[in-house]
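Survey of secondary and tertiary structure
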Amino acid sequence: MRIDLPPPPSDPEFLGAEILRLKRERGALLLAHYYQEPEIQDLADFVGDSLELARAAQRAHATTIVFCGVRFMAEVAKILNPEAEVLIPDLEAGCSLEESCQPEEFARWRQAHPGHVAVTYINCSAAVKALSDVIVTSSSAETIIRKLPPDQPILFAPDRHLGAYLAKKTGRPLVLWPGTCIVHEQFSQEALVGLKALHPDALVAAHPECPEAILALADHVGSTSSILRFVRESEATTFLVATEPGIIHQMEKQTAGSGKRFIPVPGASGECSCNNCPYMKRNTLANLLTCLREGRPRLELPEALRLAALRPLQRMLELSQSPPPSGD
Ligand code: 13P
Ligand code: SF4
């Protein structure tokens, strides 16, 4: 007699079906960043860049938002939508930029630069947001900086590569915090030059968190959404991708049947896998399932901190309304 055993709990199909069932049961909205594992992206109600995810969280009517991204993104969801319960599969999903910029040090930096406006990249803690004048994402930063009065001195934290790129793009002198993204910082210029020689017709798409030496070789520099739009709309068939390789899943989905090819640019150690964001990849199907089943970890913020961080975030949402400049 043949006995049908239930699938083992680690089976991705079983985990996926359970996640969808519990998501429905809780009436939860699942938001995912493009750097999540493909199987998580495929279960999400919405996949986007950090600005799109902030907007999606703000307009969400669900009583529960499950955020598959990093902690600062889940914090933004809670700040913008305090009525919703915000869950994140792993509270330790941080960000090297956030870690590089501690609030006490940031406050001292601000004090040392009187008269400067603090324009802060969204990749920071709620405490640093609360000490900032306006928050930006990679897709909104240029638009927002261009809207500041021309003689206004500006501090930009915490990503020095994004800051240097924006200073060049807008012609505005920016005082830069010395933080970097551990993922984008270590793409190998040598490997990229080698790949370009191997694929002479390929176009290079890079995130502005990459160092100048990589951006100088790029045909398109932009946020994750902007890079996706670029590969969708371009006539080219091969793309060298200088950002976290999780995005290649969306590239392949959104260009299915076109024959387009996406090649991840390797890191300095020669391994592509080292370009995976270790923080983003803390979210797995297994801990997403546990999170939905147990209703934790839950993102909580003291109300005074939430309100202080809300102000510069609201400014970002208002100022980023107009159409973004080319190559956002
Ligand atoms: P995007 O805003 O382009 O999605 O970038 C978020 C991020 O963390 C990039 O490393
Ligand atoms: Fe932070 Fe870099 Fe990971 Fe983005 S890719 S979350 S900037 S460490």
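Now for a description of the structure that goes with this document.

About the criteria used
- Residues numbered from 1 in each chain as written.
- Chains lettered and ligands numbered in written order.
- Predicted model: local features only at pLDDT ≥ 70, side-chain atom pairs only at ≥ 80, totals over all residues.
- Heavy atoms only, no water.
- 1 Å grid on protein atoms, 1.4 Å probe; cavity = no way out; pocket = protein on both sides within 12 Å on 5 of 7 lines; lining within 4 Å.
- Points joined across faces, edges and corners; volume = space filled by probe spheres on them.
- Helix = DSSP H or I, 4+ residues; strand = E, 2+ residues; numbered from the N terminus.
- Nonpolar A, V, L, I, M, F, W, Y, C, P; charged D, E, K, R; others polar.
- Near = heavy atom within 4 Å.
- Polar contact = N/O pair within 3.5 Å; in protein donor to acceptor, adjacent residues only side chain to side chain.
- Areas by Shrake-Rupley, 256 points an atom, 1.4 Å probe, with all protein chains shown as cover.
- Sits in = over half its atoms within 2 Å of the grid points.
- Pairing = 2+ DSSP bridges.
- Axes fitted to C-alpha atoms, helices over the stretch in contact; angles between N-to-C directions.
- Contact = heavy atoms within 4.5 Å.

1. Focus: empty space enclosed by the protein
Following the criterion strictly, the structure yields three cavities of 30 Å³ or more and no others. If you go around the largest cavity, you meet 25 residues; those closest to its centre are Y35, M73, N123, E209 and M280. Elements with a minimum of two residues in the lining of the largest cavity: α4 (71-80) and α5 (96-100). Along the lines of polarity and charge, the residues of the lining of the largest cavity split into 13 nonpolar, nine polar and three charged.

2. Topic: the site of ligand 1
In the vicinity of ligand 1, the contacting residues are H33, Y35, D49, S50, Y121, N123, S138, H184, H207, E209, S223 and T224. Residue H207 places a side-chain N or O atom 2.8 Å away from an oxygen atom belonging to ligand 1. Measuring from an oxygen atom of ligand 1, one finds a side-chain N or O atom of E209 at 2.8 Å. Starting from 300 Å² of accessible surface for ligand 1 in isolation, the protein chains cover 96%. The pocket occupied by ligand 1, as judged from atoms lying within 2 Å of grid points, is the largest cavity. Of the residues in the shell around ligand 1, the class split is two nonpolar, eight polar and two charged.

3. Here we look at the sheet that holds strand β1 (residues 28-33)
Sheet architecture is open: four strands sit in the order β2-β1-β3-β4, paired in parallel fashion. Because the sheet does not close on itself, it has two edges, and the strands there are β2 (46-48) and β4 (85-87). Strand-to-strand, the axes of this sheet are offset by a mean angle of 25 degrees, without reference to chain direction. The sheet contact formed by β1 and strand β3 (residues 64-68) spans five bridges and is parallel. Pairing of A28 across the sheet is with T64, part of β3. Sitting on the sheet, α4 is in contact with β1, β3 and β4, with an inclination near 175 degrees to β4.

4. Re unusual backbone geometry
For the bond from A157 to P158, the omega torsion is -10 degrees, close enough to zero to count as cis. Here P158 lies in the loop between β7 (154-157) and α9 (160-170). The residue after R296, namely P297, is reached through a cis peptide bond having omega 0 degrees. Mapped onto the elements of the fold, P297 is located in the loop between α14 (285-294) and α15 (303-319).

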